[in-house]
Amino acid sequence: MSLETTGSSIITTLCRSKGLQERLTELAAARPRWGYRRLWVLLRREGYAVNWKRVYRLYREAGLAVKRRRRKRTAVARRPLPPATRPNERWSMDFVHDRLSNGRWFRSLTIVDDFTRECLAIEVDRSLTGARVVEVLAQLAQARPLARTIVVDNGPEFTGRVLDAWAYRRGITLAFIQPGKPTQNAFIESFNSRLRDECLNAHCDLTPAN
């Protein structure tokens, strides 16, 4: 192999590594609580033929490791989502917390269509996991087309592997808002505010059935 060919190969490799690291940094900024293994899965989905060891090396070199003790929020420049133009184009979902008269806490998963402002589902229970979120969405899929984009916050139920894998298989994009920026999920925040004011606060004496 000639020196010219070798030099060209090295330059090509360096360019690919730079492009890979830039994309890794973008994904880490969009999902600040994800580690290198889950970011590696996203890279593989996008067509990057790279093993996890190389991703780990680039991840460490770029200083992207998740801060365990002291969490620092980094301002991420994001473009606002364009307005939805038709039903089932984009949904939003979030949780509402409240408690019964006996002091027991419960949660409500709410899902809203961003175009029609219709509430598509309210799932209530003491515990609602990522698997339960998937079950509710699967039930909705039996009655209507699923939205191609669902806006969510960075709660563990939404960032977990179960919902991520399900959304990927369905071709659905999970649009994560910035941590501490609930206004970026304004439609569901508005609905949840009315739900609390008109329903939960108006029925504070609710008691469990058992």
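Read on for an overview of the structure. Just so you know, these numbers come straight off a predicted model, no measurement behind them.

Put simply, helix H4 (residues 130–141) and helix H6 (residues 161–170) touch, their axes get as near as 8 Å, and they point 30° apart. Taken together, H4 and H6 sit at an angle that is classed as roughly parallel. Facing H4, whose interface residues are Gly130, Ala131, Val133, Val134, Leu137, Ala138 and Ala141, H6 presents Val162, Leu163, Trp166 and Arg170. Residues belonging to the contact of H4 with H6 are distributed by class as follows: nine nonpolar, one polar and one charged.

What follows deals with the side chain of aspartate 98. Summarising the element assignment, aspartate 98 is placed in strand S1 (residues 90–99). When its relative accessible area of 15% is taken as the criterion, aspartate 98 is described as buried. When neighbours within four sequence positions are excluded, aspartate 98 is seen to be in contact with Arg104, Trp105, Phe106, Arg196, Leu200 and Asn201.

So, on to the packing of aromatic side chains. Per the counting criterion, the structure on display carries four aromatic pairs. With centroids separated by 5.8 Å and ring planes inclined at 50°, the aromatic side chains of tyrosine 36 and tyrosine 59 adopt a geometry described as tilted. Of this pair, tyrosine 36 sits in helix H2 (residues 36–45) while tyrosine 59 sits in helix H3 (residues 52–61), and the two are 23 residues apart along the sequence. Looking at tyrosine 59, the relative accessible area reads 4%, which means it is buried.

Turning to the pattern of salt bridges, a few remarks are in order. Applying the stated criterion across every chain, the model contains 11 salt bridges. Here glutamate 46 and arginine 23 are joined by a salt bridge, their closest N and O atoms 2.6 Å apart. Here the residue glutamate 46 occupies a position in the loop between H2 and H3, and arginine 23 occupies one in helix H1 (residues 3–30), the gap between them amounting to 23 residues. Residue glutamate 46 is classed as partly exposed on the basis of its relative accessible area, which comes to 39%. Salt-bridge contacts for glutamate 118 lead to arginine 144; the nearest nitrogen and oxygen are separated by 3.4 Å. With a gap of 26 residues between them, glutamate 118 in the loop between strand S2 (105–113) and strand S3 (119–125) and arginine 144 in the loop between H4 and strand S4 (149–152) connect regions that are remote in the sequence. For glutamate 118, a relative accessible area of 35% translates into the label partly exposed. Each of the salt bridges in this network shares a partner with another, and the network as a whole consists of Arg23, Glu26 and Glu46.

So, how was this worked out
Residues numbered from 1 in each chain as written. Predicted model: local features only at pLDDT ≥ 70, side-chain atom pairs only at ≥ 80, totals over all residues. Heavy atoms only, no water. Axes fitted to C-alpha atoms, helices over the stretch in contact; angles between N-to-C directions. Helix = DSSP H or I, 4+ residues; strand = E, 2+ residues; numbered from the N terminus. Parallel < 35°, antiparallel > 145°, perpendicular 65-115°, else oblique. Contact = heavy atoms within 4.5 Å. Nonpolar A, V, L, I, M, F, W, Y, C, P; charged D, E, K, R; others polar. Buried < 20%, exposed > 50% of the residue type's maximum accessible area, 1.4 Å probe, protein only. Phe/Tyr/Trp six-rings, centres within 6.5 Å; stacked < 30°, edge-to-face > 60°. Salt bridge = Lys/Arg side-chain N within 4 Å of Asp/Glu carboxyl O.

Read these as geometric descriptors, not functional statements.
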